[in-house]
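Given next are the chains, with one letter for each unit.
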Amino acid sequence: MMHDDAPRHAAQHDSAAPARVHLVSGLTPSGQRVRAVCACGHVTSPRADEGRALDALRAEHPLSAPICALCGHDYTGRSWQELRDVDLRILALAGGEQFLACRDMPQSCYDGYQQRQMHLDRAAFEGFDLPVPAPQLRIIPGGQR
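Values in this document were obtained by computation on a predicted structure and should not be read as measured data. (Residues numbered from 1 in each chain as written. Predicted model: local features only at pLDDT ≥ 70, side-chain atom pairs only at ≥ 80, totals over all residues. Heavy atoms only, no water.)

*Asks:* So what's going on with the overall build of the protein? Which residues, and what values?
*Replies:* Of regular secondary structure, the protein possesses four helices and four strands. Taken over 145 residues, the protein has a buried fraction of 25%. In the protein, once contacts between residues fewer than 6 apart in sequence are set aside, the share between residues at least 24 apart is 41%. Per element, the accessible surface of the protein, about 10,100 Å² overall, is 54% carbon and sulfur. (Helix = DSSP H or I, 4+ residues; strand = E, 2+ residues; numbered from the N terminus. Buried < 20%, exposed > 50% of the residue type's maximum accessible area, 1.4 Å probe, protein only. Contact = heavy atoms within 4.5 Å. Areas by Shrake-Rupley, 256 points an atom, 1.4 Å probe, with all protein chains shown as cover.)

*Asks:* Describe helix 3 (residues 80–87), and please don't skip the residues or the numbers.
*Replies:* Those residues of helix 3 not exposed but buried are Trp80, Leu83 and Asp87. The buried side chains of helix 3 occupy one side of the element, clustering within an arc of 115 degrees when seen end-on. On its buried side, helix 3 packs onto strand 1 (24–30), helix 2 (50–60), strand 3 (88–92) and strand 4 (98–102). (Arc of directions from axis to C-beta.)

*Asks:* Account for helix 2, naming residues and giving values.
*Replies:* Given 3.6 residues per turn, any residue in an α-helix points the same way as the ones three and four places further on. Of all the residues in helix 2, the buried ones are Ala53, Leu54, Ala56 and Leu57. Here the buried residues of helix 2 occupy an arc of 160 degrees about the axis, which is enough to place them on one side. Turned more than 90 degrees from where helix 2 packs its buried face, Arg52 and Ala59 sit exposed. On the buried face of helix 2, the contacting elements are strand 1, strand 2 (33–38) and helix 3. Its side-chain oxygen placed 3.2 Å from the backbone nitrogen of Gly51, Asp49 serves as the N-cap of helix 2. (Polar contact = N/O pair within 3.5 Å; in protein donor to acceptor, adjacent residues only side chain to side chain.)

*Asks:* Which residues make up the pairing of strand 1, and what are the values?
*Replies:* With six bridges connecting them, strand 1 and strand 2 associate as antiparallel partners. Following the sheet pairing, Ser30 is matched in strand 2 by Arg33. Turn length for the strand 1-strand 2 hairpin, with the two strands adjacent in sequence and antiparallel, is two residues, and the turn residue Gly31 shows positive phi of about 70 degrees. (Pairing = 2+ DSSP bridges.)

*Asks:* Tell me about the nonpolar core, residues and numbers included.
*Replies:* In this structure, Val21, Leu23, Cys68, Leu70, Tyr75, Leu83, Leu88, Leu100, Ala101, Cys102, Met105 and Cys109 together form the largest nonpolar core, which totals 12 residues. With three residues, strand 4 is the single largest residue contributor to this core. When sequence neighbours within four positions are dropped, the list of residues in contact with Cys68 reads His73, Leu88, Leu100, Ala101, Cys102 and Cys109. One finds Ala36, Cys38, Leu54 and Leu57 within the second-largest nonpolar core, a separate group that totals nine residues. (Core = buried A, V, L, I, M, F, W, Y, C linked by side-chain atoms within 4.5 Å.)

*Asks:* Tell me about the side chain of His61, and please be specific about residues and values.
*Replies:* Relative to the helices and strands, His61 is located in the loop between helix 2 and helix 3. Judged by relative accessible area, which is 3%, His61 ranks as buried. Engagement of the side chain of His61 in a polar contact is seen with the side chain of His22, the distance being 3.0 Å.

*Asks:* Requested: an account of unusual backbone geometry, with residues and values cited.
*Replies:* Residue Asp129 is not a glycine yet carries a positive backbone phi of 55 degrees. Take Asp129: it is sitting in the segment after helix 4 (107–127).

So far we have only geometry, and geometry alone does not tell us how the molecule works.
Written out as structure tokens, the structure reads:
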């Protein structure tokens, strides 16, 4: 038997499922009321106004910290619309795992990604008792930022 709140339970966290990003995706009308929607598909039951719908989503469905996974920039304190439309984007790996990154992908994101990848590569080499290759230097022309 299907209930009106079936879509809400369809997106429950599953430990075997790939990691999903949980940010407020938007608001949707439900008659005279409003539902809040998470990026993963979780939907609240209808509430009297937008504020209550957002509060309900935050209370019953933990949201991801608004931090870029590449450069570590913290966007805490921004509105859900700014996070969704201006600051962050949700990226997915081939296996379906999702992560947050700065929307405009500044150079700091690329540098942060490369540094993290270097540490992961080093850990993999050390984990298999392989010699770690010498680091490669990148030459940056002077005067450019």
